[in-house]
Amino acid sequence: MKKLSKREWSWVSYDWGNSAFSIIITTAVFPIYYKAAATEAGIATVDSTAYLGYTISTFTFVLAMLAPVLGTIADYQGLKKRFFSFFFILGVGSTALLAVVANDSWLLLLILYLFASIGSTGANVYYDAFLVDVTTRKRMNRVSASGYAMGYIGSAIPFFISIAIILLAQQGILPVSSSVASKIAFAITALWWASFSIPLLRLVKQRHGIVIEQSVVRQSFKRLGRTFKEIKQYRAVFLFLLAYFFYIDGVGTIISMSTAYGKDLGLGTSGLLVVLLMTQVVAAPFAIFYGKLAERFKGKKMIYVGIVVYMIVCIYAIFLETIVDFWILAMLVATSQGGIQALSRAYFAKIIPKNKSNEFFGFYNIFGKFASITGPFLVGITAQLTGNTSFGVFSLIILFIIGFILLLFVPETASHTANKNAQTEISA
């Protein structure tokens, strides 16, 4: 298969830029910086953690509810790029403002984090939906996998720079405080994200859509209602989303709770940051590898492989005792986390009607977001009942088994039933 086209590379470059937000703002630097700011302002540790949790729940719920509606509206010709641009500017702008907020302004930090997260997640809905516009059905596995791979590599670079600045500041080698070093990391994130989004903004255009009608908003709600009524005709889409809900819940939970799990094993903050960085590095080539294997064995089969790898992770977690064991587990996760996410996105893009890509990726976003509820609860309750965090991680195997079984029922040849129903729509 030939190399990525200019338009495909333009799409992939956004992942290279935006993924810096996920690792620096969502996972690593901002949570630590915010906790320090809240403590300095006299907020109790329990309360500051709760406020952060409320903020995450708020933007998750808001976007999960609005995504299908906004996606349905954006399916009209010429609107996808506008919606993407709005959320992109909101995300980058709010991230940049994090760098200028006073150290003790914890509430303002949370508000900006809320808007930055809404911007990032909202833009990703339309970014995912652009996959049907930049490539062919045959190349979707490879292009989607390339996006995730470039995201891992692209995020590792500013993450490494940011961590280096913070550690050097803590050691007194750089003449700045730790808080200023963190603010520099926020500025780097915004600049990196904005710079590598330019190719998409310039070269990627909406190719599939619906001719604009009068009363766009009202008609969009009607179309969304029809989709719900006709859900039986989208059997492949519905079953896949159901399977995706369960197995991606397991994937997301393992990723999001890895830091806490490492702490329980005695891994220090610096050690955890190193593990996170190496996970990004290892995940990149394996995401591409999954994409290439999918060209030969089909994406659905490789999704099965990813699920099985995560089942092995859950089982291996029971036997974890040392830091070396944690490293092995982390690297095992790295081999499949990008691949399973990339191929899921590509598989979904193949089975939905292209003229409704934004609407359906809105549903995809809902299932992905609400899937982050069951897993953490399952880990928490199992860990408390058994008194062992490892058994909490093992309990996630239930989600992977359910996802695996449901995926078996997704029709192989009936995947384009939805597309047949969309023939009355106009494709540009």
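Everything that follows concerns the structure shown earlier in this document.
1. Some thoughts on empty space enclosed by the protein
According to the stated counting rule, one finds 1 cavity of 30 Å³ or more in the structure shown. By volume, the largest cavity amounts to about 40 Å³. The set of elements that each furnish at least two residues to the lining of the largest cavity consists of helix H2 (45–74) and helix H4 (106–129). Its residues placed into classes, the lining of the largest cavity shows 7 nonpolar, 1 polar and no charged.

2. Here we look at the pattern of salt bridges
For the coordinates displayed, the defined rule picks out 4 salt bridges. With its nearest N and O atoms 2.4 Å apart, the salt bridge here joins Asp 133 to Lys 80. Placement of Asp 133 in helix H5 (residues 131–134) and of Lys 80 in helix H3 (residues 80–97) is noted, with a sequence separation of 53 residues between them. Here Asp 128 and Arg 345 are joined by a salt bridge, their closest N and O atoms 2.9 Å apart. Of this pair, Asp 128 sits in helix H4 while Arg 345 sits in helix H14 (residues 323–351), and the two are 217 residues apart along the sequence. For the pair Asp 128 and Arg 345, a shared accessibility class is recorded, and that class is buried. Taken together, the shared-partner salt bridges in this structure form one network comprising Asp 15, Asp 128 and Arg 345.

3. Points about unusual backbone geometry
Positioned with a positive phi, Lys 298 is a non-glycine residue whose angle comes to about 80 degrees. In this fold, Lys 298 is placed in the loop between helix H12 (269–297) and helix H13 (299–317).

4. Some details on the packing of H3 against H4
Their axes nearest at 7 Å, the elements H3 and H4 cross at an angle of 150 degrees. Our classification of the angle between H3 and H4 gives roughly antiparallel. Considering only the axes of H3 and H4, their crossing is left-handed. In this structure, H3 uses Lys 80, Phe 83, Phe 84, Phe 87, Phe 88, Leu 90, Gly 91, Ser 94, Thr 95 and Leu 97 to contact H4, whose residues at the interface are Leu 112, Phe 115, Ala 116, Ile 118, Gly 119, Ser 120, Gly 122, Ala 123, Tyr 126, Tyr 127 and Ala 129.

5. Thoughts on the nonpolar core
Residues Trp 11, Phe 240, Phe 348 and Phe 400 are the most contacted members of the largest nonpolar core, which totals 137 residues. Here this core takes 16 residues from helix H1 (residues 6–40), the largest share from any one element. Apart from the residues within four sequence positions on either side, Phe 240 is in contact with Tyr 247, Ile 303, Ser 344, Tyr 347, Phe 348, Ile 351, Tyr 364, Leu 407 and Val 410.

6. Comments concerning the side chain of Ser 94
When you line up the elements, Ser 94 lands in helix H3. By relative accessible area, Ser 94 is classed as buried at 6%. Setting aside chain neighbours within four positions, we find Ser 94 in contact with Leu 112, Phe 115 and Ala 116.

7. Examining H1
Its 35 residues give H1 an end-to-end C-alpha distance of 49 Å, which sits within 8% of 51 Å, the value for a rise of 1.5 Å per residue. Of all the bends in H1, the largest measures some 60 degrees and sits at Val 29, one to four residues before the proline Pro 31. After H1 finishes, the residue Gly 42 shows a positive phi value of roughly 90 degrees.

The rules behind the values
Residues numbered from 1 in each chain as written. Predicted model: local features only at pLDDT ≥ 70, side-chain atom pairs only at ≥ 80, totals over all residues. Heavy atoms only, no water. 1 Å grid on protein atoms, 1.4 Å probe; cavity = no way out; pocket = protein on both sides within 12 Å on 5 of 7 lines; lining within 4 Å. Points joined across faces, edges and corners; volume = space filled by probe spheres on them. Helix = DSSP H or I, 4+ residues; strand = E, 2+ residues; numbered from the N terminus. Nonpolar A, V, L, I, M, F, W, Y, C, P; charged D, E, K, R; others polar. Salt bridge = Lys/Arg side-chain N within 4 Å of Asp/Glu carboxyl O. Buried < 20%, exposed > 50% of the residue type's maximum accessible area, 1.4 Å probe, protein only. Axes fitted to C-alpha atoms, helices over the stretch in contact; angles between N-to-C directions. Parallel < 35°, antiparallel > 145°, perpendicular 65-115°, else oblique. Left-handed = near helix turned anticlockwise from the far one by under 90°. Contact = heavy atoms within 4.5 Å. Core = buried A, V, L, I, M, F, W, Y, C linked by side-chain atoms within 4.5 Å. Expected span 1.5 Å × (residues − 1). Bend = angle between axes of the 7 residues up to and from the residue.

Worth remembering: the numbers are spatial, not functional.
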